[in-house]
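One letter stands for each residue in the lines below.
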Amino acid sequence: MQTQVGIIGGGPSGLCLARLLSLAGVRSVILERHDRAHVEARIRAGVLEQGMIELMRKAQVGARMDREGLLHDGIVLTFDDRVERIDLPGHTGGQRVMVYGQTELTRDLYDAVLQDANVSVVFEAQGVRPLGFLDGEPRLDYVSDGKPQTLACDFIAGCDGYHGASRAAVPRGLITEYERVYPFGWLGLLADTPPVHEELIYSNHSRGFALCSMRSHTRSRYYVQVGQGEKVEDWSDERFWDEIRRRLPERFARNMVTGPSIEKSIAPLRSFVAEPLRFGKLFLVGDAGHIVPPTGAKGLNLAASDMHYLSTALIALYREGRGDLLERYSQTALRRIWAAVRFSWWFTSLTHKFNDDAIERKIQLAEFDYLTGSAAGRTTIAENYVGLPFDASFG
Ligand code: APR
Ligand code: PHB
């Protein structure tokens, strides 16, 4: 088989990239190791920056998002019983975020891609191996229905997440990996209950962090910080509801509507960046190249800037023979990535419990005081939360 861009991974990065390329007449093949149902069943985050919203519209898959997504003008930060609201448009010249589940977004992308003549998706592609990307003959070997196959292509986009085949195929001497693993995880619970508040609540409490989020006006998503090594089976729904109420100011806790969980899982927290993001004809996109703790809701939104930069660069090459944007893909994407890694690390440090050291908590309170007590402090939270701008030189 032959195509222009071989894409490993049928998650949001691979799908949206394929769609953006297709609308410019560039063909691609996506090799996804699972089937569609498995990919769509993953529960992930759900806060979209303006950049991701516009990319979905540009990919002509934004109709349901614009119909069902919830636009939010603020977030709430609590510290024990103190409550501070951050006015997002007020501190960013009008910018806001949208709450729209990544599961829904992935479903919209599959609906479009599976009807797109410029894109082929091979589900259950096993043993995918990127080859020849350093010697100018990129190709992907894989097994489909038990038969070995080879996909020849001009370029390979590694959109296969943190545990994927693309980054693993890069010779170790060519890549530098930066990683920080946090000494705790997030226990998440999804329930068909009305959200406790119309905006997201990020809570720093002496018992640990908590987050109140949502998917709609009738479906809520909550998280509590848990110790490393904790098991989801140790957390009954009752224990979860009791714990999250303890970590919220009374004015919110008393409004908490509880119910049976429809999903409950623990996610580790890590910051990870690979440098560079290009190896000859292979490009890393999204979680394949970087991971952030979910505190800043940056995971998908960072994949968005990668998709924007890489699709723009590939289209410029195919349409105008311009290679300069492709040359600048890695450094341009990494600049925005490190800014989001910094914000996600900093927001995690401000809101989570790292130890029982009393002075640590006092310093967190002082930082909370300073930030919420000054316009400059609120602006720095707001402008990072709504998302730093994309590099204008990529159009
Ligand atoms: N071969 C083929 N497909 C693979 C392989 C492989 N070796 N390894 C992984 N995949 C597929 C996975 O099954 C998954 O569907 O690649 C896809 C990667 O998707 P994601 O992990 O969702 O990564 P990405 O598309 O970059 O989306 C980033 O996901 O985890 C969130 O916070 C993150 O929101 C961010 C978003
Ligand atoms: C979510 O809705 O799952 C969510 C929202 C904001 C975050 C992380 C997760 O920072």
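Quick look at the structure, then. The shown structure was predicted, so the numbers you read here are calculated from the model rather than taken from an experiment. (Residues numbered from 1 in each chain as written. Chains lettered and ligands numbered in written order. Predicted model: local features only at pLDDT ≥ 70, side-chain atom pairs only at ≥ 80, totals over all residues. Heavy atoms only, no water.)

### Thoughts on the site of ligand 1
Point 1. Of all residues adjacent to ligand 1, which total 23 residues, the nearest are Ser13, Glu32, Arg44, Gln102 and Asp287.
Point 2. Pro12 is positioned with one of its backbone polar atoms (N or O) 3.3 Å from an oxygen atom of ligand 1.
Point 3. Here an oxygen atom of ligand 1 sits 3.0 Å away from a polar atom, N or O, in the main chain of Leu300.
Point 4. Surface burial for ligand 1 is 90%, taken as the share of its 710 Å² of free accessible area covered by protein chains. (Near = heavy atom within 4 Å. Polar contact = N/O pair within 3.5 Å; in protein donor to acceptor, adjacent residues only side chain to side chain. Areas by Shrake-Rupley, 256 points an atom, 1.4 Å probe, with all protein chains shown as cover.)

### Observations regarding the nonpolar core
Point 1. Leu48 and Leu310 are the most contacted members of the largest nonpolar core, which totals 79 residues.
Point 2. Aside from chain neighbours lying at most four places away, what touches Leu48 is Ile53, Met65, Val97, Met98, Tyr100, Leu105, Leu300 and Asn301.
Point 3. Counting 30 residues, the second-largest nonpolar core is a separate cluster that includes Leu77, Val97, Ala382 and Tyr385. (Core = buried A, V, L, I, M, F, W, Y, C linked by side-chain atoms within 4.5 Å. Buried < 20%, exposed > 50% of the residue type's maximum accessible area, 1.4 Å probe, protein only. Contact = heavy atoms within 4.5 Å.)

### Thoughts on the sheet that holds strand E12 (residues 155–158)
Point 1. If you trace the six strands from one edge of the open sheet to the other, you get E8-E2-E1-E12-E19-E18, paired in mixed fashion. The open sheet has two edge strands with one neighbour each: strand E8 (119–122) and strand E18 (278–279).
Point 2. Of the pairings in the sheet, the one linking strand E1 (residues 5–8) to strand E2 (residues 28–31) comprises four bridges and is parallel in character. Among the inter-strand pairings, Val5 is bridged to a residue of E2, identified as Ser28. (Pairing = 2+ DSSP bridges. Helix = DSSP H or I, 4+ residues; strand = E, 2+ residues; numbered from the N terminus.)

### Examining the state of the cysteines
Point 1. In the structure shown here, the tally under the stated rule is zero disulfides.
Point 2. Among the cysteines around Cys159, which has no disulfide bond, Cys16 carries the closest sulfur, lying 10 Å off. (Disulfide = S-S within 2.5 Å.)

### Details of the pattern of salt bridges
Point 1. Applying the stated criterion across every chain yields a total of 31 salt bridges.
Point 2. With its nearest N and O atoms 2.6 Å apart, the salt bridge here joins Arg36 to Asp111. Of this pair, Arg36 sits in helix H2 (residues 36–41) while Asp111 sits in helix H6 (residues 102–113), and the two are 75 residues apart along the sequence.
Point 3. For Arg36, a relative accessible area of 24% puts it in the partly exposed group. (Salt bridge = Lys/Arg side-chain N within 4 Å of Asp/Glu carboxyl O.)

### A short note on the site of ligand 2
Point 1. Close contacts around ligand 2 come from 14 residues, with Tyr202, Ser213, Arg215, Tyr223 and Pro294 the closest.
Point 2. The side chain of Tyr202 places a nitrogen or oxygen atom 2.8 Å from an oxygen atom of ligand 2.
Point 3. The separation between an oxygen atom of ligand 2 and a polar main-chain atom of Ala297 is 3.4 Å.
Point 4. The fraction of the free accessible surface of ligand 2 (280 Å²) that becomes covered by protein chains is 100%.
Point 5. Among the elements of the structure, strand E14 (200–204), strand E15 (210–214) and strand E16 (220–227) are those that each provide at least two residues to the shell around ligand 2.

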